[in-house]
Every structure is written in structure tokens, then in C-alpha cells.
Amino acid sequence: MIEKLHKLKKIQLEQKFMLKQQLVAKQFEIENIIEELNLDLSSAGVEKFGAIGDFKILAIHKNSMKYKKSLYETEKRNILAQIENYNKIIVEFQKEVEKYDYLLKIELKKKIKEEIKLEEMIASEFVLSKYARERRAV
């Protein structure tokens, strides 16, 4: 039973690791998008001697990019919070896996002690029977 619980917790731990890795990959992707938006914001412009309307369109475009950037930064903060939450969950699962691993080791030690005791008992019975045969022969 303990072995089944140990395997279950190990599987759950691996699943949490995978979910965390997915979030980290998404965070990396969002950081790249934010960097691209920053680059676009700094390089956006109009041609020299352009119309005033061009400047208004540029301002609208820059504002929309800033808005997208703020949305991505909010999403990034949410992902970082989720990653932190997964870190806590992973630590808890690691503790449980270690606990069950410890219990399995204790169980194995008990089995080994019982086998050694059984072997000693069989050996002592063999010696006693050999001694009894020798006594009968004399």
C-alpha cells in the first residue's frame, strides 16, 4: 500500500513539474513579446514632413502597443504567481515522496531482519538436529 502511495506521489510530483515547465515556457514567450513591443515602441515613427494625421495615428499605435505591453506584463505577473504556487506544491509533494520512501526503506529493513531471523532459526535447528543425530549415534 505504501509503495502504491509512493508511486502515486511521484507521478503527481512529475505532473506538477511538467505544469511548472509549461508556465516557465509561457513566461519566456511573454517576455519575448514584451521585448518586441519595447523595440517596436522605440522604433515606431513617421516620415519626415509627414501630415499631422500621421502623428495622431502614430500616437494611437504607440498607445495600443503600450496597452498590449501592460496586458502582457499583467499576464506575466499572474504566471509568476502560479509558478511560485507550483513551487510550494512541488515542495509538499517532495516531502510526501520522501516520507513514503522512508517508510518503504523501514519496511524493507524489517523484512530483511525477519529473513535473517528465519535463516538463523533454520540454521540453529539444523545444528540441533545434527547434534541430536550425533548423540544417537554414540
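Everything numeric here is computed off the predicted structure, so don't read it as measured data.

Trainee: I'm lost on a negative patch on the surface in this one. Help?
Mentor: Together, Glu 114, Glu 115, Glu 119 and Glu 120 make up a region of like negative charge exposed at the surface. The residue Glu 119 is located in helix 2 (residues 52–137) in this model.

Trainee: Please explain a nonpolar patch on the surface as it appears in this structure.
Mentor: Residues Leu 108, Ile 112 and Ile 116 make up a contiguous nonpolar surface patch of roughly 270 Å² in combined accessible area. Mapping Leu 108 onto the fold places it in helix 2.

Trainee: Honestly, the side chain of Lys 20 in this entry has me stumped. Any pointers?
Mentor: In this fold, Lys 20 is placed in helix 1 (residues 2–43). Glu 84 provides the closest opposite charge to the buried, salt-bridge-free Lys 20, at an N-O distance of 8.0 Å. Those residues in contact with Lys 20, other than ones at most four positions away along the chain, are Ile 83, Tyr 86, Asn 87 and Ile 90.

Trainee: Sorry if this is basic, but what is going on with helix 1 here?
Mentor: Taking 1.5 Å of rise per residue, the 42 residues of helix 1 would be expected to cover 62 Å, and the 61 Å separating its terminal C-alpha atoms lies within 8% of that figure. His 6, Lys 9, Leu 13, Lys 20, Leu 23, Gln 27, Ile 30, Ile 34, Leu 37 and Leu 41 are the residues of helix 1 that are buried.

Trainee: What's the story with the side chain of Lys 9 in this structure? I'm lost.
Mentor: As for its position among the elements, Lys 9 is in helix 1. Note on Lys 9: relative accessible area 15%, which makes it buried. Not counting chain neighbours up to four residues away, the residues in contact with Lys 9 comprise Phe 93, Glu 96, Val 97 and Tyr 100.

Trainee: Hey, could you run me through the nonpolar core in this one?
Mentor: In this structure, Leu 23, Ile 30, Ile 34, Ile 79, Ile 83 and Tyr 86 together form the largest nonpolar core, which totals 6 residues. If you list the elements that add at least two residues to this core, you get helix 1 and helix 2. Dropping the residues within four chain positions of it, Tyr 86 is found in contact with Lys 16, Leu 19, Lys 20 and Leu 23.

Trainee: Whenever I open this one, the packing of aromatic side chains confuses me. Can you help?
Mentor: Centre distance and the angle of the planes are the two values used to describe a pair of aromatic rings. Scanning the entire structure with this criterion turns up 0 aromatic pairs. Between the NZ or CZ atom of Lys 99 and the centre of the ring of Tyr 100, over which it lies, the distance is 5.0 Å.

Trainee: Is there a simple way to think about the environment of Lys 4 in this case?
Mentor: Considering the arrangement of structural elements, one finds Lys 4 in helix 1. Judged by its relative accessible area of 66%, Lys 4 falls in the exposed class. Expressed as a C-alpha distance, the spacing of Lys 4 and Asp 40, which sit 36 residues apart in the sequence, is 54 Å.

What counts, and at which threshold
Each residue is numbered by its place in its chain's sequence as written, counting from 1. Whole-chain, interface and lining totals are the exception, using all residues; otherwise, since this is a predicted model, local features are given only for residues with pLDDT of at least 70 and side-chain atom pairs are given and counted only at 80 or more. Only hydrogens and water are removed before side-chain values are computed, so all heavy atoms of the structure are retained for them. Note on patches: the residues involved have over 30% relative accessible area and no salt bridge, like charges join within 9 Å, and the nonpolar side chains Val, Leu, Ile, Met, Phe, Trp and Tyr join within 5 Å. Working definition of accessibility: Shrake-Rupley area with a 1.4 Å probe, residue cover restricted to the visible protein chains. A pairing counts as a salt bridge when a side-chain nitrogen of Lys or Arg comes within 4 Å of a carboxyl oxygen of Asp or Glu. Counted charges follow a simple rule, with Lys and Arg positive, Asp and Glu negative, and His plus the chain ends left uncounted. Working definition for charges: the position is that of NZ of Lys, CZ of Arg, CG of Asp or CD of Glu. Under the DSSP-based scheme used, a helix requires at least four consecutive residues in state H or I and a strand at least two consecutive residues in state E, with every element numbered from the N terminus. Throughout, exposure labels follow a simple rule: accessible area from a 1.4 Å probe, protein chains only, divided by the maximum for the residue type, with under 20% read as buried, over 50% as exposed, and the rest as partly exposed. Throughout, a contact is declared for two residues whenever any of their heavy atoms are within 4.5 Å. Given a helix with a known number of residues, its expected span is that number minus one, times 1.5 Å. Each nonpolar core is a collection of buried residues, namely Ala, Val, Leu, Ile, Met, Phe, Trp, Tyr and Cys, held together in the definition by side-chain atoms within 4.5 Å. Pairs were defined over the aromatic rings of Phe, Tyr and Trp, the Trp ring being its six-membered one, requiring ring centres within 6.5 Å. Orientation was assigned from the angle between planes: stacked under 30 degrees, edge-to-face over 60, tilted for the rest. Counted as over-ring charges are cases with an Arg CZ or a Lys NZ within 6 Å of the ring centre that also lie within 35 degrees of the ring normal.

Note that every value here comes from positions in space, so none of it alone points to a role or purpose.
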